Structures are given as C-alpha cells and as structure tokens.
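Commentary on secondary and tertiary structure
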Amino acid sequence: MKVAWEPRIQGRPLYLRVSGINGGEVEMKIDPVSGMLGQVVVIDVPPRVEVKNRIPLDGVDQNLTPILDRSIWGWKETPDGATLDGSVASSVEELGFIQSEERIGLVFSDREPVRYLRCEDIAVAVSDDGALVEISAFL
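Here's what I pulled together on the structure shown here. Remember, predicted model here, so these are calculated numbers, not experimental data. (Residues numbered from 1 in each chain as written. Predicted model: local features only at pLDDT ≥ 70, side-chain atom pairs only at ≥ 80, totals over all residues. Heavy atoms only, no water.)

On to the overall build of the protein, then. When helices and strands are tallied, the protein shows zero helices and 13 strands. Here the protein holds 139 residues, and 43% of them are scored as buried. Within the protein, contacts between residues at least 6 apart in sequence are counted, and of these 58% link residues at least 24 apart. (Helix = DSSP H or I, 4+ residues; strand = E, 2+ residues; numbered from the N terminus. Buried < 20%, exposed > 50% of the residue type's maximum accessible area, 1.4 Å probe, protein only. Contact = heavy atoms within 4.5 Å.)

Another aspect to go through is the layout of surface pockets. Quantified by volume, the largest pocket comes out at close to 600 Å³. Contributing elements (two or more residues each) for the lining of the largest pocket: β2 (14–20), β8 (88–93), β11 (113–119) and β12 (122–127). Among the residues forming the lining of the largest pocket, the class breakdown is 13 nonpolar, five polar and six charged. (1 Å grid on protein atoms, 1.4 Å probe; cavity = no way out; pocket = protein on both sides within 12 Å on 5 of 7 lines; lining within 4 Å. Points joined across faces, edges and corners; volume = space filled by probe spheres on them. Nonpolar A, V, L, I, M, F, W, Y, C, P; charged D, E, K, R; others polar.)

What follows deals with the side chain of Ser-127. If you trace the backbone, Ser-127 turns up in strand β12. In this view, Ser-127 contacts Arg-111, Glu-112, Pro-113, Val-114 and Val-133; residues no more than four positions away in its chain are not counted.

Relative to the helices and strands, Leu-14 resides in strand β2. Taking the relative accessible area as the measure of exposure, Leu-14 reaches 4% and is therefore buried. Taking C-alpha positions, Leu-14 is 4.7 Å from Ser-87, a pair spaced 73 residues apart along the chain.

What follows concerns the side chain of Ser-87. Take Ser-87: it is sitting in the loop between β7 (81–84) and β8. Looking at Ser-87, its side chain comes within polar contact range of the side chain of Arg-12, at 2.8 Å. When neighbours within four sequence positions are excluded, Ser-87 is seen to be in contact with Arg-12, Pro-13, Leu-14, Tyr-15 and Trp-73. (Polar contact = N/O pair within 3.5 Å; in protein donor to acceptor, adjacent residues only side chain to side chain.)

Turning to the pattern of salt bridges, a few remarks are in order. Evaluation of the coordinates by the stated rule reveals four salt bridges. The salt bridge involving Asp-129 is made with Arg-111; its shortest N-O contact spans 2.9 Å. Of this pair, Asp-129 sits in the loop between β12 and β13 (132–138) while Arg-111 sits in the loop between β10 (103–107) and β11, and the two are 18 residues apart along the sequence. (Salt bridge = Lys/Arg side-chain N within 4 Å of Asp/Glu carboxyl O.)

So yeah, pure geometry; function would need other evidence.
This is the structure we're talking about:
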C-alpha cells in the first residue's frame, strides 16, 4: 500500500518510521516546512485486524491533507535560529491492516476517531487529541 497527497513535498522530506507493537512497519514522508503528510508507504504489512467501518462516506472534511506535529524530530538552536535536529524519527504504535471489498487501510491506534479528513478516495481518521487513528483507501 502506498498513498501520496498533492502537492508533492518540495525538497528533502522528514521521515517517520512507525513500527507495530505486533509487527508491521510503515514509513511516512512529511513536508519539513508545513508538517503536511506527503506519503505513506507500507514496508512490512502489519497483522490484519477486523475493525468496524469507522470512517463514514459522508460528513467528512473534503480535500484536506493531514498535518503532523514536527516536534517529534526535535529542534536545535543555531546562529540562524531553530532548525530541526535530524530528518528521521521513529514511533511504535498498535499497527493493523484492514482489507475488505470496499477498502484497504492502516490502523494506528484503538482510540475513537472524532474527525475525518478526505481527499478523493483516501480518508484519514483523527482522535479528539489530534492523534492519527486510521488511513483508508476506498476501492
């Protein structure tokens, strides 16, 4: 599974490697200036999970791209101001893979989603505290 958003990231992206507690690995490319999620690539498929269809087909915010908090990359002070302290960060989450006739997706947490972003056939579920819950592609 590989998902990319427009506009494309300009320059050198930030990378977030997400490892699953029970297996699986995902790489995300993030715009270093805006924090926009530019691409998600499944490197090692996480275990399959059965999840109710939590992402509705209507009532979602349309044509939006997720923005990630860049603070996990750390900041360092330089004579020119603060800059990111490296381009790769890692995280461990409860990764799961969803596959059905109508969609495939990644689950990042068992938190309850409260907001949904949709860009064409890709939907992103976010928790009340802004955590990424799920990314699904509708087939």
